[in-house]
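The lines below spell out each chain.
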Amino acid sequence: MTRKGPMPLALYHQIYMVLREKLLGGEFPVNQAIPSEVALAEQYGVSRVTIRATLEKLESDGLISREKGRGTFPIPPKPLVSKAAPADMRGFLDSLVQLGLRTKAKVLEFEYTVPSPEIADRLGIGPGGVVLRTTRLYTSKGAPFSYVTGYLREEIGRTFTKADLDKGPMLPLLEKTGVRVARVEQVVTSRLADPNVAKYLDVPIGSAVTLMERVIFDETGRALDVNIGLYRPDRYTFQLDLERPADGSAASWTSAAQLESPANSEAP
């Protein structure tokens with residue numbers, strides 16, 4: 001980022017949003033200081049005064065802790081998550097595949113890289129372990145509705161190419177490797193669009209988008225893939241239909257999961 005003369009408010013907001021999303025996404029290790037004011041000012045092409053104001057805002061948001069003589073450290077967010085409800089995932093996985101077949105995906109990134117400590121922990125891989133990181137933009141009738149980043153175990157990622165991913169959804173590629181998906185953990189929440197996501201989803205910077213984080217496990221309990229999707233709420237909804245078990249028990253629920261777009265959206 002570069003500037004000439006006084007810094008526009010929009011650019012200040014962009015820097016705040018970029019750092020905020022990096023903190024929320026776990027890109028800064030919790031026990032390691034984030035870059036200094038000088039380093040951040042140089043990176044974004046602004047004054048230290050601007051960076052200092054940005055850090056003060058992040059501190060007031062409870063995202064960082066500034067320790068004199070030591071540096072500035074991330075504070076991991078503590079989301080309130082209700083107890084997970086058991087669900088029949090067959091319809092859910094089928095709907096994911098069907099959605100992938102009915103929409104167009106553009107692969108923006110396809111690279112092998114060392115993930116953040118948070119992603120590595122979710123996948124259960126050791127320090128220095130490599131994953132296949134992919135970023136895809138999904139559109140329907142030419143309109144964008146989701147921006148999805150995936151982190152796949154390296155040994156599975158090596159079984160297909162970027163061209164294969166261009167042709168269709170990820171789940172069928174997983175199945176071709178002989179992997180049997182046994183369990184899916186999913187959290188649905190929200191996030192503010194940073195400048196990069198806002199550009200691809202065609203929404204204002206800082207607008208609310210739906211965040212869906214999904215971890216896929218095989219029969220041995222091994223995590224295969226961490227999937228983080230950001231969706232335009234005006235073009236995409238997540239519907240979960242719950243039904244009482246046939247035996248009348250109130251102890252648990254089964255469900256039929258559906259992913260669908262609202263009738264007045266751009267998606268099919």
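Because the structure is a prediction, the values reported are computed rather than measured.

Caption draft 1: The confidence of the model for the protein, seen in detail. Mean pLDDT over the protein: 78, with 74% of residues reaching 70 or higher. Here strand S10 (residues 254-260) stands out as the least confident element of the protein, with mean pLDDT 40; helix H6 (residues 154-157) is the most confident, with 94. Note on residues 1-9: pLDDT under 50 across the span, and 17 contacts to partners over four residues away in sequence or across chains. Of the regions scoring below 50 in pLDDT, residues 80-94 engages in 19 contacts with residues more than four places distant in sequence or in other chains.

Caption draft 2: Region of the structure containing the nonpolar core. Counting 21 residues, the largest nonpolar core has Leu123, Tyr151, Leu201 and Val226 as the members making the most contacts within it. Taken together, the elements giving at least two residues each to this core come down to helix H5 (117-123), strand S4 (131-140), strand S5 (143-153), helix H9 (195-201), strand S7 (208-218) and strand S8 (223-231). Among residues more than four places away in sequence, those in contact with Leu123 are Val131, Tyr151, Arg153, Ala223, Leu224, Asp225 and Val226.

Caption draft 3: Inspection of the sheet that holds S5 at higher detail. With antiparallel pairing, 6 strands are arranged side by side in an open sheet as S3-S4-S5-S8-S7-S6. The strands lining the two open edges of the sheet, one partner per strand, are strand S3 (104-113) and strand S6 (181-192). Ignoring which end each strand starts from, the neighbouring axes of this sheet average 15° apart. Pairing between S7 and S8: 8 bridges, direction antiparallel. Bridging from a neighbouring strand, Glu213 pairs with Ile228 of S8.

Parameters at a glance
Once a new chain begins, its residue numbering starts again from 1 and follows that chain's sequence as written. Local features in this predicted model are restricted to residues of pLDDT 70 or higher, and side-chain atom pairs are both shown and tallied only at a pLDDT of 80 or more, whereas totals for entire chains, interfaces and linings draw on every residue. Side-chain metrics in this entry use all non-hydrogen atoms of the structure; hydrogen atoms and water are not considered. One number per residue, pLDDT, summarises how confident the predictor is, and it ranges from 0 to 100. Secondary structure elements follow DSSP: runs of H or I of four or more residues count as helices, runs of E of two or more count as strands, with numbering from the N terminus. Any two residues whose heavy atoms approach within 4.5 Å are treated as being in contact. The set of buried Ala, Val, Leu, Ile, Met, Phe, Trp, Tyr and Cys residues whose side-chain atoms join them within 4.5 Å is what this entry labels a nonpolar core. Using a 1.4 Å probe on the protein chains alone, a residue whose accessible area is under 20% of its type maximum counts as buried, one over 50% counts as exposed, and one in between counts as partly exposed. We call two strands paired when DSSP finds no fewer than two bridges between them. Note on definitions: angles span 0 to 180 degrees between N-to-C directions of axes, and those axes are lines fitted to C-alpha atoms, for helices only across the stretch in contact.

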